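Next come the chains, spelled out residue by residue.
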Amino acid sequence: MPRRYHVVVIPGDGIGPEVIAAARRVIEPLGFFELEELEAGLAYYKRTGRPYPDDFLDRLRAADAVLKGPLATPVGPGGYRSINVFIRQSLDLYANLRPCRGYPGVSPRVFNMVIVRENTEGLYTGIEGSFRDQAVALKIVTRRGSERIARFALDYASRKGYRRITAVHKANILKLSDGLFLEAFRELAREYPGIEADDMIVDAAAYNMARTPERFQVIVTLNLYGDILSDLAAGLAGSLGLCGSGQIGERYAVFEPVHGAGFDIAGKGVANPVAAIHAARLMMEHLAERHGDRRLAEAAEKLDQAVEKTLVEDRVLTPDLGGTAKTMDVAENVARRLGEML
């Protein structure tokens, strides 16, 4: 019998319950997981007056991993603070791992890149103030934060066999904050002689990603830049619905699709579940590495292949990719393909 992992599942808002249900359809038959559902988000807030239950963090901390859908945040004053940011900072999920690839015959561009985004510092600390007609947002960059995200990215590149890593920054203008990040990266990169390490200013990186995304392998960058470049990568792949992500710390890890709640298509059964399925795959890879579970690692590899076969060979595509398939059509096809390989 395979080892069983306790995974908390947060369906989320909008299309979240649909795509997370699709991911569950793919991974539950594998027999590796005991899934515990936990409500949170805008729908929960409208029903209870709270964005999440009182024991929310305790239940996340008790799990081996968390698989979640998008959690909506009310715009502007009032409402509640982003639950996503709250989770990252409370669990110290300092590394945001965002692999994204373009598929032949499906995506506008074919590439395979990984963006590693610092997840707890920068402008997303949410420290803001105002005085008369001025508003100020505080950007925080620490040596510790810079070193550990650089180390995470370099270790990941080394472990996965990537030969090139690019630090993205704006140190030509932000000489102290981004300069500190760049300095930490360059110092640590010397410890990895087998990896070609370079750096690029963020606007140049965006330009080069749009022109030649295949030149990039692993990108490591600060919080805001990583958020923007990740969506650029998804656009080059053809849809936000293709890219999953992991929020990873020393002890805890949360996995989710990169897209938002998609309220305009919620309930129609047409949302692309591939991002959620890839998030589940990243969770499997993470647990396999952390626990030395070879069987789980092999299943994760086969799942990646099953997704590719579903998109490229079987052409089971949701409307965002020009197809007519429903959310669960994709999930059923991926599950069938995975079953054939296991």
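Figured I'd write up the structure that's included with this text.

What counts and how
- Residues numbered from 1 in each chain as written.
- Predicted model: local features only at pLDDT ≥ 70, side-chain atom pairs only at ≥ 80, totals over all residues.
- Heavy atoms only, no water.
- Core = buried A, V, L, I, M, F, W, Y, C linked by side-chain atoms within 4.5 Å.
- Buried < 20%, exposed > 50% of the residue type's maximum accessible area, 1.4 Å probe, protein only.
- Helix = DSSP H or I, 4+ residues; strand = E, 2+ residues; numbered from the N terminus.
- Disulfide = S-S within 2.5 Å.
- Pairing = 2+ DSSP bridges.
- Axes fitted to C-alpha atoms, helices over the stretch in contact; angles between N-to-C directions.
- Contact = heavy atoms within 4.5 Å.
- Expected span 1.5 Å × (residues − 1).
- Arc of directions from axis to C-beta.

## Things to note about the nonpolar core
Link 1 in the chain: Residues I27, F33 and L67 are the most contacted members of the largest nonpolar core, which totals 94 residues.
Link 2 in the chain: Among the elements that take part in this core, helix α9 (residues 274-291) stands out by supplying 10 residues, more than any other.
Link 3 in the chain: With 20 residues, the next largest nonpolar core counts I10, L57, L60 and Y80 among its residues.

## Quick notes on the state of the cysteines
Link 1 in the chain: Under the definition given, this model contains 1 disulfide.
Link 2 in the chain: The partner cysteine of C100 in its disulfide is C243, sulfur to sulfur 2.1 Å. In this pair, C100 sits in strand β4 (residues 95-101) while C243 sits in the loop between α8 (223-237) and β11 (244-248), placing the two residues 143 residues apart along the sequence.
Link 3 in the chain: When its relative accessible area of 3% is taken as the criterion, C243 is described as buried.

## Concerning the pairing of strand β7 (residues 134-137)
Link 1 in the chain: Strand direction decides the pairing type here: strand β6 (residues 128-131) and β7, joined by 4 bridges, are antiparallel. Counterpart to F131 in the pairing with β7 is Q134.
Link 2 in the chain: As consecutive antiparallel partners, β6 and β7 are separated by 2 residues, and within that stretch R132 has a phi angle of approximately 55°, a positive value.

## Structural notes on the sheet that holds strand β2 (residues 33-37)
Link 1 in the chain: Taken in spatial order, the 10 strands of this open sheet run β2-β1-β3-β12-β11-β4-β5-β10-β8-β9, and their pairing is mixed. Edge positions in the sheet fall to β2 and β9 (196-201), since each of these pairs with one other strand and no more. Averaged over all pairs of adjacent strands, the angle between strand axes in this sheet comes to 25°, irrespective of strand direction.
Link 2 in the chain: Of the strand pairs in this sheet, strand β3 (residues 65-68) and strand β12 (residues 253-257) are connected by 2 bridges, and their pairing is parallel. Note on β12: the bridge partner recorded for L67 is F255.

## With respect to the pairing of strand β5 (residues 112-118)
Link 1 in the chain: Among the 7 residues of β5, 6 are classified as buried, and the element is accordingly described as predominantly covered.
Link 2 in the chain: Relative to β5, β4 runs antiparallel, the two sharing 7 bridges. Bridging from a neighbouring strand, R101 pairs with N112 of β5.
Link 3 in the chain: In terms of strand pairing, β5 meets strand β10 (residues 218-221) through 4 bridges, oriented parallel. Its bridge partner being in β10, R117 is matched across the sheet by T221.

## Digging into the environment of D227
Link 1 in the chain: Following the sequence through the fold, D227 ends up in helix α8.
Link 2 in the chain: Judged by its relative accessible area of 23%, D227 is partly exposed.
Link 3 in the chain: It is 9.3 Å that separates the C-alpha atoms of D227 and N119, two residues lying 108 residues apart in sequence.
Link 4 in the chain: Discounting residues that sit within four places of it in the chain, D227 has contacts with R98, R117 and Y124.

## Details of α8
Link 1 in the chain: Helix length check: α8 (15 residues) gives 21 Å between terminal C-alpha atoms against 21 Å at 1.5 Å per residue, within 8%.
Link 2 in the chain: Those residues of α8 lying buried are N223, Y225, G226, L229, S230, A233, A234, L236 and A237. Angular distribution of buried residues about the axis of α8 spans 165°; they occupy a single face of the element.
Link 3 in the chain: Close packing links the buried residues of α8 with β4, β5, β8 (164-169), α6 (177-189), α7 (202-211) and β10.
Link 4 in the chain: Where α8 ends, the next residue or the one after it, G238, has phi of about 115°, a positive value.

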